[in-house]
Amino acid sequence: MVVKLKKEKKPVKKESKPKAKKAAKPAKSAVKKAAPKPKLKVKKPAAVEKKAAVVPAHLAPKAEPALPHKPVIKEVIHPKPAVHVPKPAVHMPKPAMHAAKPAVKVEIEPEVKVTPAAPVIELKELELELPITVKDLAIKLQEKPSIIIKSLLDARIMAGINQTLDEAVVVKICEKYGYKIKKALGEEELTLSVHQAKDEAKDLKPRSPIVTFMGHVDHGKTSLLDAIRKTKVVDSEHGGITQHIGAYRVVLAHGEITFLDTPGHEAFTAMRSRGAKITDIVVLVVAADDGVMPQTQEAIDHARAAGVSIIVAMNKIDKPGADIDQVKKQLAKLDLNPEDWGGKTIMVPVSAKTGQGIDDLLEMIILEAQMLELKANPNRLAKGIVIEAQMSKGRGPVATLLVQNGTLHLNENIIVGNFYGKIRAMFNDHGQSVTSVSPSVPVGVLGISGVPAAGEQFFAISDEKQAKGIAASRLEKEKQQQIKSFKHITLEDLHAQILEGKIKDLKLIIKADVQGSLEAIKETLNKLNVSEIKLDFIHTSVGNINNSDVILAVASNALILGFNVTMDELAKELVSKEGVDVRTYGIIYELANDIKAAIEGMLEPKLKKILLGRAEIRKVFKLSRSGTVAGCFVVKGKFNRTCVINLVRNGQLVFEGKLSSLKRFKDDVREVGEGFECGMSLAGFDQLMEGDIIEGYEIEKIARKL
């Protein structure tokens, strides 16, 4: 026992050297014992690892000097790679696994806290019709309205019990109560779901193509359509320019075609765009003697955006200056390669004047329509698009509709935008009464409660009450939107406007004959808008100028513009009494030019400084009555009493202003010429010095042009 105690004390006192020598020997014996006993491989390497962990730095270097013993080397080298290499790899993850267990426990705790909230939001769905009032939301959430109002106040939203809430606000409130919003289908969506249903293949039948003529102004679109229809359309247009969209039906031997004639002037960009969206084939009319023009490129862009086929009609080939190859080259640069050049675009040379090539053009249209396989289901409720709408004297609102699917019948209920109507009469493009209209056929309709916007969709509704309810709800939504968009000016806004400069408004009331012309006028005038002048369309509608328009113009100090409309008798009397400026036009160019001139008159002119003369101060006099007077000699030019003065000292501008007096000796004079002496007093400046230079300028105002 005593010997054992001495052995234990020695390694404790001598820390590094004795431990290394004596620890190496038991390590070898431990390895030898571990080699013949495979069962103890798991237990003893753990002990070895513990010793190695206690003294890791000394075991490794002093195991190498034991190599001179050859028998030991063979026995020790083999087990070391077998025992020590894999086992640390096996046993090292164990402590990592022990360390990971507490980490897993820490992660589980927040997951347990979050998981009860997540399923509550996902499981509880609240179906609401949006927008919803505070009272109705409180009923749905089974909460007092006062608490809902308090939560809105916390979110800095002032709301009463009957105020409607937006979807974003409702979502935030419902999330606090653990609900997820599910938007309920409204009456309009449920009613119109009939038109959203897809048609079965057996119900689809071939329909005629809808073709739009597009191109640059005066390239012969209407004349070409006139040659096809054998009707004079150009004669009824002011100045030979199509003012609005027309739809015409042409019956041929091989089939029927519906043509849309869109205006070619740049003001009708929006109308051409709408025409391309409802069409199947675009006939791009290009004059052979004029070539590709800016509006031609716009028409190509509209057609490509709508994804429709393009057929090029090269018109006016009968003219001496016609060059078909040049037109093809220009179109090829726009990726419209002709078929005879290896491309895919059909190009037909035609002449609206002689009728040459028109039959070939119609054949190509029919052939292209057959390739497209256009089909529709005539045995269902009709839907389509408003091509044009106007207020007709004696008949009321008249809308030109194009049926896209289904069949429209007489006495059916339809909704068009915010308006409801029961069809009282229908007539085709020749003015003949019809009782039903199939797909791809344009028709004029009477019985709508108002003038719808061109491009609006119409739907036939079987139930009259549902149709009226949808129209009323749409009108109410529009009113609410207008109320939200209205903003009262604040002191901050006034201050901002003062800092930025005066903002001038040109208030306009526009009345037009048709909706398409109204859009074209607004588009044209918006292009004239500049940063300094704001065009304010306070009222735009279709119909004649009436008494209410004049009253509105008087109240708002606005200008009334009429396009192809007349003025009522009561309105004329009120105009003469109040002195309101009313102007009517028949051509859009004249209207645009007048408004352009009005805007140019409101613009601040450009100021140009013109040098009048230069004088040198020879002597400075300080008088009790007149103040400081500079005795000057006019070196160049002349000076007058109204000129602008610049005082220059040592090459730097010291003062800019006006003269308070200009004298020759004791007399006031209007002008002093070159080579004469004079006395000058500057308004608001008396720090004059001998040797200063006074320059006189005249300000010239130059009118700005748009």
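Conventions adopted
- Residues numbered from 1 in each chain as written.
- Predicted model: local features only at pLDDT ≥ 70, side-chain atom pairs only at ≥ 80, totals over all residues.
- Heavy atoms only, no water.
- pLDDT = per-residue confidence, 0-100.
- Helix = DSSP H or I, 4+ residues; strand = E, 2+ residues; numbered from the N terminus.
- Contact = heavy atoms within 4.5 Å.
- Salt bridge = Lys/Arg side-chain N within 4 Å of Asp/Glu carboxyl O.
- Buried < 20%, exposed > 50% of the residue type's maximum accessible area, 1.4 Å probe, protein only.
- Pairing = 2+ DSSP bridges.
- Phe/Tyr/Trp six-rings, centres within 6.5 Å; stacked < 30°, edge-to-face > 60°.

Caption draft 1: Up close: the confidence of the model for the protein. Looking at the protein, the pLDDT average stands at 76 and 74% of residues meet or exceed 70. Ranking the helices and strands of the protein by mean pLDDT puts strand β15 (residues 408–409) first, with 92, and helix α3 (residues 44–54) last, with 41. In this model residues 1–121 is a low-confidence stretch, pLDDT under 50, and it forms 37 contacts with partners more than four residues away in sequence or in other chains.

Caption draft 2: Geometry of the pattern of salt bridges. According to the stated counting rule, one finds 15 salt bridges in the structure shown. Measuring nitrogen to oxygen at the nearest pair gives 3.5 Å for the salt bridge that ties E464 to K468. Remark: K468 and E464 occur in helix α19 (residues 464–485); sequence separation between them is four residues, near one turn of the helix. Close ionic contact of K609 with E656 constitutes a salt bridge, the shortest N to O distance being 3.6 Å. You can see K609 sitting in strand β25 (residues 606–623) and its partner E656 sitting in strand β29 (residues 652–664), a full 47 residues away along the chain. According to the relative accessible area criterion, K609 is partly exposed, its value standing at 42%. On the basis of relative accessibility, which here comes to 46%, the residue E656 falls in the partly exposed class.

Caption draft 3: Examining the pairing of strand β19 (residues 442–448) more closely. Most of β19 is tucked away: six of the seven residues are buried. For strand β14 (residues 396–405) and β19, the ladder comprises five bridges, and the chain directions are antiparallel. Directly across from L401, in β19, lies its bridge partner V443. Both strand β17 (residues 419–427) and β19 contribute to a ladder of four bridges, which runs antiparallel. Bridging from a neighbouring strand, A425 pairs with L446 of β19.

Caption draft 4: Just unusual backbone geometry, in detail. Unusually for a residue other than glycine, K316 sits at a positive phi of about 65°. Within the secondary structure, K316 is located in the loop between β10 (309–315) and α17 (324–333). What makes K316 buried here is its relative accessible area of 16%. With phi around 55°, E373 is a residue other than glycine that occupies positive phi space.

Caption draft 5: Representation of the packing of aromatic side chains. Taken as a whole and judged by the stated rule, the model has two aromatic pairs. Residues F213 and F259 carry aromatic rings whose centres are separated by 5.4 Å and whose planes lie at 65° to one another, so their mutual orientation is edge-to-face. Here F213 is found in strand β6 (residues 210–215), whereas its partner F259 is found in strand β8 (residues 256–261), with 46 residues between them in sequence. Looking at F259, the relative accessible area reads 0%, which means it is buried. Ring centres 5.0 Å apart and planes at 15° place the aromatic pair F655 and F685 in the stacked group. With F655 in strand β29 and F685 in the loop between β32 (677–682) and β33 (693–702), the pair connects residues that are 30 residues apart, well separated along the chain. One exposure class covers both F655 and F685, and it is buried.

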